[in-house]
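# Examination of the molecular architecture
Now for the letters of each chain:
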Amino acid sequence: MATEKQIEILKGMAKAWFGNSQQHSIHAEIIRQKGFSKLADKIQAEAEGEWKEAQRVNARLLELGVTPTLAIDTYPIITDIREQLEYDYNEGLKGMAELNAMIAEFSDDYITRRMIEEFIVDEQEHTNWLAEHIGLIEEIGYQNYLIQQL
């Protein structure tokens, strides 16, 4: 049986991922309307992945006999592409630290622990991608980077 703290952690995860998914979806549309479809497709794929992660957390809550709550965290909408990438990178670093801290709370729940470990891997991959693209901006310049994202 899940503890109250575990339940609150899971509900918070779903709430955060639903919100972050919406933020990424809006950012993808902003990027697409500026004409950078390659980058927009990548950000939209990230939004869809986060939506699925939130659904997975809600499914786990149901497996634990808990009714998920309908809630969404709010995130800023950023119109500048470089600022979007930098914000997302910093949030990814924070998110990985938070997920790593959460694992200890699920030492008695292997299924949830494994799910969180998979989320950490996904977040690490996305954060690495962001670091690479921020590095590209620094190396080749912002305008040259944007040309690659057409």
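The structure displayed is predicted, hence computed values, not measured ones. (Residues numbered from 1 in each chain as written. Predicted model: local features only at pLDDT ≥ 70, side-chain atom pairs only at ≥ 80, totals over all residues. Heavy atoms only, no water.)

### Concerning the side chain of H27
Note the following rule: Runs of H or I in DSSP of at least four residues are treated as helices and runs of E of at least two as strands, each being numbered from the N terminus. We define a polar contact as two N or O atoms separated by no more than 3.5 Å, with the added condition that, inside protein, one atom must be a possible hydrogen donor and the other a possible acceptor, whereas residues neighbouring each other in sequence contribute only through side-chain atom pairs. The contact definition used throughout considers only heavy atoms, calling two residues in contact when any of these lie within 4.5 Å.
Examined against the element boundaries, H27 turns out to sit in helix α1 (residues 4–33). At 2.8 Å, the side chain of H27 forms a polar contact with the backbone nitrogen of I78. H27 has contacts with I43, P76, I77, I78 and Q84, leaving out every residue within four places of it along the chain.

### Some remarks on the packing of aromatic side chains
In plain terms, the rule: Working definition: rings of Phe, Tyr and Trp (its six-membered ring) pair if their centres are within 6.5 Å, and the pair is stacked with planes under 30 degrees apart, edge-to-face with planes over 60 apart, and tilted otherwise. In this scheme, a residue with accessible area under 20% of its type's maximum is buried, one over 50% is exposed, and one in between is partly exposed, where area comes from a 1.4 Å probe on protein chains only.
One pass over the full model with this rule turns up two aromatic pairs. Where W17 meets F119, the ring centres are 4.5 Å apart and the plane angle is 65 degrees; that geometry is what we call edge-to-face. Taken together, the residues W17 in helix α1 and F119 in helix α4 (residues 110–140) connect sequence positions 102 residues apart. Both residues of the pair, W17 and F119, belong to the buried class. An angle of 65 degrees between the planes, with centres 4.6 Å apart, marks the rings of F18 and W51 as edge-to-face. Highlighted residues: F18 in helix α1 and W51 in helix α2 (residues 37–63), separated in sequence by 33 residues.

### Focus: the pattern of salt bridges
Heads up, the condition is: Within this document, salt bridges are pairs made up of a side-chain nitrogen of Lys or Arg and a carboxyl oxygen of Asp or Glu, the two lying within 4 Å of each other.
Within this structure, the stated rule accounts for ten salt bridges. Residue E91 is joined to K94 by a salt bridge in which the shortest nitrogen-to-oxygen separation is 2.9 Å. Residue E91 and its partner K94 are both found in helix α3 (residues 81–103); the two are separated by three residues, about one turn of the helix. On the basis of relative accessibility, which here comes to 21%, the residue E91 falls in the partly exposed class. Residues R113 and E117 are paired through a salt bridge, measuring 3.6 Å at the closest nitrogen-oxygen approach. In this pair, R113 and E117 both sit in helix α4, four residues apart, roughly one turn of the helix. Residue classification places R113 among the partly exposed residues on the basis of a relative accessible area of 26%. Salt bridges here are not isolated pairs; linked through shared partners, they connect R56, R113, R114, E117 and E118.

### Notes on the environment of G35
Mapped onto the elements, G35 comes out in the loop between α1 and α2. Taking the relative accessible area as the measure of exposure, G35 reaches 35% and is therefore partly exposed. With 66 residues separating them in the primary sequence, G35 and A101 have C-alpha atoms 39 Å apart.

### Quick word on the UniProt feature "domain: Ferritin-like diiron" (unreviewed entry) in the chain
The condition is simple: UniProt positions are given in the numbering used here, feature names are shortened, and annotations may be inferred rather than shown by experiment.
Here, UniProt's "domain: Ferritin-like diiron" (unreviewed entry) annotation points to residues 1–141. For residues 1–141, helix accounts for 79% and strand for 0%, while the C-alpha atoms at its two ends are 53 Å apart.

### Comments concerning the environment of G135
Residue placement: G135 occurs in helix α4. Sequence separation of G135 and T112 is 23 residues, and the distance between their C-alpha atoms is 34 Å.

### Details of the nonpolar core
The tendency in soluble globular proteins is for nonpolar side chains to be buried as a group. Convention followed: Each nonpolar core is a collection of buried residues, namely Ala, Val, Leu, Ile, Met, Phe, Trp, Tyr and Cys, held together in the definition by side-chain atoms within 4.5 Å.
Membership of the largest hydrophobic core comes to 21 residues, with the highest contact counts inside it found for L10, M13, W17, V57, L99, I116 and F119. Listed by contribution, the elements that provide at least two residues to this core are α1, α2, α3 and α4. When residues in this core are grouped by element, the largest group, seven residues, is from α1. Ignoring sequence-local partners within four residues, the contact set of L99 consists of M13, W17, I116, F119 and I120.

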